[in-house]
Amino acid sequence: MVIFCCKKAEAQAAERRGGERGERAGGAPAPPAPSPYSVPAPLLQRPLSPPQRSGGMMSAVLRRCLASALPAALLPSRGLCGWHPQGGGAAAAARKITENAKKSLASLKRQNPQLEPTLAIIQAHNDHLIQEANKNFAKEVGLRIIHICLPEGSSKDEIVSEIFRLNEDPNVQGLALDLPESLYSSKVLNAVKPEKDVDGLSSVNLGHLVRGDVYDCLVPPTVCAVMELLENLGGKTVLLVGVSGAVGAALQSMLQREGAAIISCPWKAPQLQNELRHADVVVFGSMKPDDVPVSGVKPGTTIISCSHDMLSEKRNYGQQNNFAAENAVGSLAIAMRMQNMVKTMERWIRSHQYRKWNLHCLKLQPLSPVPSDIEISRAQSPKAVDVLAKEIGLLTDEIEIYGQTKAKVRLSLLERLKDQPDGKYVLVAGITPTPLGEGKSTVTIGLVQALTAHLKINSFACLRQPSQGPTFGVKGGAAGGGYAQVIPMEEFNLHLTGDIHAITAANNLLAAAIDARILHENTQSDKSLYNRLVPVVNGVRGFSAIQLARLRKLGINKTDPETLTEEEISKFARLDIDPSTITWQRVVDTNDRFLRKIAIGQASTEKGFVRQGTPVFVHAGPFANIAHGNSSVLADKIALKLVGEKGFVVTEAGFGADIGMEKFFNIKCRVSGLFPSVVVLVATVRALKMHGGGPNVTAGAPLKKEYTEENLQLVADGCCNLQKQIQITQLFGVPVVVALNVFKTDSPAEVDLVCKIAKQCGAFDAVPCNHWSAGGRGAVELAQAVEKASNQKNSFKYLYSLELPIVEKIRIIAQKVYGAQDIELSPVAQSQVDRYTRQGFGNLPICMAKTPLSLSHQPERKGVPTGFILPITDVRASIGAGFIYPLVGTMSTMPGLPTRPSFYDIDLDPITEQVEGLF
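Residues numbered from 1 in each chain as written. Predicted model: local features only at pLDDT ≥ 70, side-chain atom pairs only at ≥ 80, totals over all residues. Heavy atoms only, no water.

**Student:** Explanation requested: the overall build of the chain in the structure shown.
**Tutor:** If you tally the helices and strands in the chain, you get 33 helices and 29 strands. Considering the chain as a whole, with its 919 residues, one finds that 51% of them fall into the buried category. Long-range pairs, those at least 24 residues apart, make up 71% of the contacts in the chain with a sequence separation of at least 6. Here the chain has roughly 41500 Å² of accessible surface; of this, 53% comes from carbon and sulfur atoms. (Helix = DSSP H or I, 4+ residues; strand = E, 2+ residues; numbered from the N terminus. Buried < 20%, exposed > 50% of the residue type's maximum accessible area, 1.4 Å probe, protein only. Contact = heavy atoms within 4.5 Å. Areas by Shrake-Rupley, 256 points an atom, 1.4 Å probe, with all protein chains shown as cover.)

**Student:** Sorry, what's going on with the nonpolar core here?
**Tutor:** Here is a general trend for soluble globular proteins: nonpolar side chains tend to be buried in one another's company. Core analysis: the largest hydrophobic core is formed by 77 residues, its most contacted members being Met661, Phe665, Leu722, Ile726, Met848, Leu870 and Ile872. If near-sequence neighbours (up to four positions away) are discounted, Met661 is found in contact with Leu427, Ala429, Ala653, Gly656, Val679, Ile728, Thr729 and Phe732. Residues Ala133, Val243, Ile304 and Ala333 belong to the second largest nonpolar core, which totals 71 residues. (Core = buried A, V, L, I, M, F, W, Y, C linked by side-chain atoms within 4.5 Å.)

**Student:** How should I be thinking about the sheet that holds strand β23 (residues 736-741) in this particular structure?
**Tutor:** Within a beta sheet, neighbouring strands are joined by backbone hydrogen bonds and run either parallel or antiparallel to one another. Spatially, six strands are ordered β12-β21-β11-β22-β23-β24 in an open sheet, and the strand pairing comes out parallel. Each of the sheet's edge strands pairs with one partner strand only, and the pair in question is β12 (459-462) and β24 (765-769). Between one strand axis and the next, the sheet turns through 25° on average, direction left out of account. Direction of pairing for β23 relative to β24: parallel, over a ladder of five bridges. Each residue of the ladder has a partner; that of Ala739, found in β24, is Val767. Helix α28 (residues 712-731) contacts β11 (424-430), β22 (678-683) and β23 of the sheet and is inclined by roughly 165° relative to β22. (Pairing = 2+ DSSP bridges. Axes fitted to C-alpha atoms, helices over the stretch in contact; angles between N-to-C directions.)

**Student:** Got a minute to help me understand the packing of α28 against helix α32 (residues 806-818) in this structure?
**Tutor:** Geometry of a packed helix pair, given as the angle between the helix axes and the separation of the axes. Interhelical geometry of α28 versus α32 gives an angle of 130° and a closest axis separation of 9 Å. What the angle tells us is that α28 and α32 run oblique. Residues Lys724, Ile728 and Leu731 of α28 pack against Lys816, Val817 and Tyr818 of α32. Of the residues in the contact of α28 with α32, the class split is four nonpolar, no polar and two charged. (Parallel < 35°, antiparallel > 145°, perpendicular 65-115°, else oblique. Nonpolar A, V, L, I, M, F, W, Y, C, P; charged D, E, K, R; others polar.)

**Student:** It is not clear to me how the environment of Ile304 should be interpreted in this structure. Could you clarify?
**Tutor:** Topologically, Ile304 is positioned in strand β7 (residues 302-305). Each C-alpha atom, one on Ile304 and one on Val283, is 4.8 Å from the other, the two residues being 21 residues apart in sequence.

**Student:** What should I look at first to understand the pairing of strand β1 (residues 118-123) in this one?
**Tutor:** Regular strands place their side chains on alternate faces of the sheet. For β1, the tally of buried residues reaches six of six residues, placing the bulk of the element in the interior. Sheet analysis places β1 next to strand β2 (residues 144-149), joined by six bridges and oriented parallel. Bridging across to β2, Ile122 finds its partner in Ile148. With helix α5 (residues 128-141) bridging β1 and the parallel β2, this β-α-β connection has right-handed handedness. As defined by bridge partners, β1 adjoins strand β3 (residues 174-178) across five bridges and the pair is classed as parallel. Pairing of Ala120 across the sheet is with Leu175, part of β3. (Right-handed = clockwise from strand over helix to strand, strands pointing away.)

**Student:** What should I look at first to understand the side chain of His125 in this one?
**Tutor:** The residue His125 is located in the loop between β1 and α5 in this model. Note on His125: relative accessible area 16%, which makes it buried. Among all residues touching His125, those that are not within four sequence positions of it are Ile130, Leu150, Glu152, Asp178 and Leu179.

**Student:** How should I be thinking about the packing of helix α17 (residues 440-454) against helix α31 (residues 780-789) in this particular structure?
**Tutor:** Two numbers describe how α17 lies on α31: the axes approach to 8 Å, and their chain directions differ by 80°. As judged from the angle between their axes, α17 and α31 are roughly perpendicular. Touching Val443, Leu447, Ala450, Leu451 and His454 of α17 are Val780, Leu782, Ala783 and Val786, all from α31. Split by residue class, the contact of α17 with α31 holds eight nonpolar, one polar and no charged.

Function cannot be inferred from these measures alone, as they are strictly geometric.
Put into structure tokens, the structure is as follows:
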């Protein structure tokens, strides 16, 4: 609405620049062109008011207003804002503002070397002079500018579509619009994200401005330009003609703060001529209609035009009127836009720095007796995930929301917080598991609840996504339980965000591609295969980038498909894969015992190409007995940045410390470069009784009296397993806190005995926990112990060097962790070890595939078995995952469903649309 440079204005500016160049070259200076809008000399030479007065070029009120929206360094000095006959006040102000913006931006770049401030401008008209002006100012200031030049006549929907695209572009920090007046609608203006709204025209920005929340808004650049040129507005009458919309609202707000009396009048109002005769300042907004005369403006009236036509035609609105903008207001407005962009960058930098959490914990009121897990989950209304994200310092564009309670976090967060110190890292492990269950996931959740809600320490839990195998098989989910669980339980255990299915599809696509290539090579000649691999498209044959890379790898330095020899064609076209060496297999996320061996190629169309594949078990955080059994490195790294230096990230390792924890240290920590401050070792009185010689447990049958009545001797005998797991933790030099998960059948004497023995065995502390029935309040003592232990000396070390031979690394794990006397490799296993060593994979870490139910390879051997020889029946490689995995004993990599699987009880209620029977 306020003047932008029109074509005549640009031409006049060019003439002036030419005159200046002539003077510098030694010629006589060109006389200034007479303006139809002359300024009375007394007005020009009037002394400026001192800063402490309310009047002047920029009053204290206006200066405070602009200071909130613009960096102090960018505010023009008072001596350079006046309207002077030599050079013009607007032009001088624009130069000064530009120079200050340049200095401020350079300072921001020095502090943030990777920063590339980028302003995007959407233009939907053919005025290239405005485009050039923006580009020149941006270049001078040091901004990268992107012009989106849409054709004249573009619709609002087309404009909004471009706005949405730029809103989501993380490389664009500011967004401005140069559009025809008819397109400046609320729909278009409010499509711009408020944090990127450089022109300050969205309802959010205007709302702050009108309410006086000047610290939270940007003043529209054109409004800043008009206000910059006006002085001593107190008590004056300002007539706004044809001024409307967002800029009009902002201008009225600013004028009112300066004490001006404002009259707004449309062009064709009958009272226009009368108002013109009485106004002290006239601001013409939109283009003047041809049939509307403008006359009778009293001498000395300040006139500012906001339309292009008034600059492109020499119109006289009275003798000796002060047309304060002439042809420089447009440049001043653009300079103000660049100034706003610098302010936007300052805000952007602040928003991308680590922010203190403002987390409001939900209230928890545990019931007694404790309801079922699913009842507890549904009784608690989760906080909306976008609200939670804001409270913990995530930016809007750093999350991708799935429904109301789930969201993915973008990896850009790691770059944003790369200089933020990590929090403290806690690993939850356990004793050798039993059918009675130890509750590691529940301890993980309860500990984080206690740290966050009760000790007021930022903390995160990092868990593996449950697999469909145990969910529909025998175990149920992995969301914790009681009042220490992940909610909503159904969403966590079923599907989540669908990533596991995407991984499955991607894996199986490659498996299909391998077999298809073998088939085609077996059934086609070299020439036929080559012609299909490098086809003629639109009369042209060419290699793809991938194919050129293959040629280079083969030592063929040719780029024209027609120049290859027959020998080169054969080398290029044939991979000659030996089916017996394929380790990449098809996968599925459910227990399907009949996929343990698959014969493919049975159809007649496969022309006799038949082979077996043995699937593996896909899991977002794979099981520890057949993989490393830990959640993702990226999840931990993101959480460690978000909690801050004094916060805690608690993650869980699968099964016992001898399996999941060992792999966490030797595999995951090597990859991540992270190591924990504390290990929490979970135990239960009931499980220790089983390790002490208690009777076997049958699923669904009542527990025997040994597990429901006090038996101190059985507990003491079973603590040998707890002692061994503590010793395993100490091998890695990390302090250990024992968390005794208390059940109602545990006697106080049994609980005290376990804690006493744990401390005698070297645990930093041993704490009874009641989080299952009491939520975070039941794990406060554990949280306090973990916090104290995290301040202890940590001498973390790996168990073995990667440089050792594969067999030696296996032997170290077997002897030092499991307590085996030695290992014994089958001929098949030894052959595989030799093959992987020859192929250069001997330096990979080891991921043992072993039963989780015993320290040995025999599930029935509880407690601490000794003197056994660990049989290694096979050795396989997960090269993509980065480890070698030996198979111990009869270990299967594809579990099967039981006779009565869990899915017998799972159904969908068609009325409530809720999953029933999950727990």
